[in-house]
Amino acid sequence: MDLYSDEYFMREALKEAAKALAIEEVPVGAVVVCKNRIIARAHNQTEKLTDATAHAEMLAVTAAANYLGSKYLSECTLYVTLEPCVMCSGALHWVQLQKLVFGASDLQRGYSLVSSPLLHPKTEVVRGVQAEESKKLLEDFFRRIRN
């Protein structure tokens with residue numbers, strides 16, 4: 001039995017999202033868990049790094065792969081506060097992620113808008129964990145920058 005729940009790890013991803021918010025990035029956070037242990041944490045840094053690919057998921061996957069010394073994360077779960085985009089889901093396919101857990105759905109840019117499957121066929125997907133908290137962070141951020 002798992003010591004920690006999906007909600008516990010999503011709260012950790014939400015802490016990362018709060019770090020992004022604090023530096024005026026789109027508040028998305030991610031953690032990678034392997035054998036019930038967080039092995040990587042990241043948040044969006046596209047503005048800070050002037051890199052359009054510096055999404056929380058991409059940074060977390062890279063850190064996890066480096067930690068494990070492997071290009072595959074087939075025994076890992078990624079917790080991310082927002083549904084991954086097409087770019088990130090493509091990366092998750094290539095790393096053969098075991099499980100993806102996300103909070104808020106992305107109705108404009110999320111991978112599920114694409115008709116062909118993007119994730120690895122063995123990747124389990126859990127949607128909507130801490131979705132309201134994730135959505136509120138994003139709404140507050142966009143409301144603030146639009147005013």
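Please read all numbers here as calculations on a predicted model, not as lab measurements.

What counts as what
Residues numbered from 1 in each chain as written. Predicted model: local features only at pLDDT ≥ 70, side-chain atom pairs only at ≥ 80, totals over all residues. Heavy atoms only, no water. Helix = DSSP H or I, 4+ residues; strand = E, 2+ residues; numbered from the N terminus. Buried < 20%, exposed > 50% of the residue type's maximum accessible area, 1.4 Å probe, protein only. Contact = heavy atoms within 4.5 Å. Polar contact = N/O pair within 3.5 Å; in protein donor to acceptor, adjacent residues only side chain to side chain. UniProt positions renumbered as here; feature names shortened; annotations may be inferred. 1 Å grid on protein atoms, 1.4 Å probe; cavity = no way out; pocket = protein on both sides within 12 Å on 5 of 7 lines; lining within 4 Å. Phe/Tyr/Trp six-rings, centres within 6.5 Å; stacked < 30°, edge-to-face > 60°. Pairing = 2+ DSSP bridges. Axes fitted to C-alpha atoms, helices over the stretch in contact; angles between N-to-C directions.

## Concerning the environment of glycine 128
With respect to the helices and strands, glycine 128 occurs in the loop between strand S5 (124-127) and helix H4 (131-146). With a relative accessible area of 39%, glycine 128 lands in the partly exposed category. Along the primary structure glycine 128 and threonine 81 are separated by 47 residues, whereas in three dimensions their C-alpha atoms are 9.1 Å apart. With residues near it in sequence (within four places) discarded, glycine 128 still touches Phe102 and Gly103.

## Remarks on the side chain of histidine 43
When you line up the elements, histidine 43 lands in strand S2 (residues 37-43). Of the polar contacts made by the side chain of histidine 43, one reaches the side chain of glutamate 16; its length is 3.0 Å.

## So, the UniProt feature "binding site: Zn(2+)" (unreviewed entry) in the chain
This chain's UniProt record puts "binding site: Zn(2+)" (unreviewed entry) on His55, Cys85 and Cys88. These residues run over 34 residues, yet every pair of their C-alpha atoms falls within 9.3 Å of each other. Lining the largest pocket, from the set of annotated residues above, are His55 and Cys85. Tracing the chain through its elements places histidine 55 in the loop between S2 and helix H2 (56-68). Ignoring any residue separated from it by four or fewer positions in sequence, one finds histidine 55 in contact with Asn44, Thr46, Cys85, Met87 and Cys88. Here cysteine 88 lies in helix H3 (residues 86-94). For cysteine 88, a relative accessible area of 0% corresponds to the buried category. When sequence neighbours within four positions are dropped, the list of residues in contact with cysteine 88 reads His55, Glu57 and Met58.

## A closer look at the packing of aromatic side chains
Using the criterion set out here, one finds six aromatic pairs in the structure. Ring geometry for phenylalanine 9 versus tyrosine 79: centroids 5.3 Å apart, planes at 35°, classification tilted. Placement of the pair is phenylalanine 9 in helix H1 (residues 6-22) and tyrosine 79 in strand S3 (residues 76-82), with a sequence separation of 70 residues. A residue is classified by how much of its surface remains accessible, and phenylalanine 9, at 2% relative accessible area, is buried. Assessed through its relative accessible area of 4%, tyrosine 79 is described here as buried. A centroid spacing of 6.4 Å and a plane angle of 80° characterise the contact between phenylalanine 102 and tyrosine 111, whose relative ring orientation is edge-to-face. On the basis of relative accessibility, which here comes to 0%, the residue phenylalanine 102 falls in the buried class. Linked through ring pairs, Tyr4, Tyr8, Phe9 and Tyr79 together constitute an aromatic cluster.

## Observations concerning the sheet that holds S2
An order of S2-S1-S3-S4-S5 is seen for the five strands of this open sheet, with the pairing classed as mixed. In this open sheet, the two edge strands, each paired with only one partner strand, are S2 and S5. Between one strand axis and the next, the sheet turns by 15° as a mean value, whatever way the strands run. As judged from the five bridges shared by strand S1 (residues 29-34) and S3, these two strands associate in the antiparallel manner.

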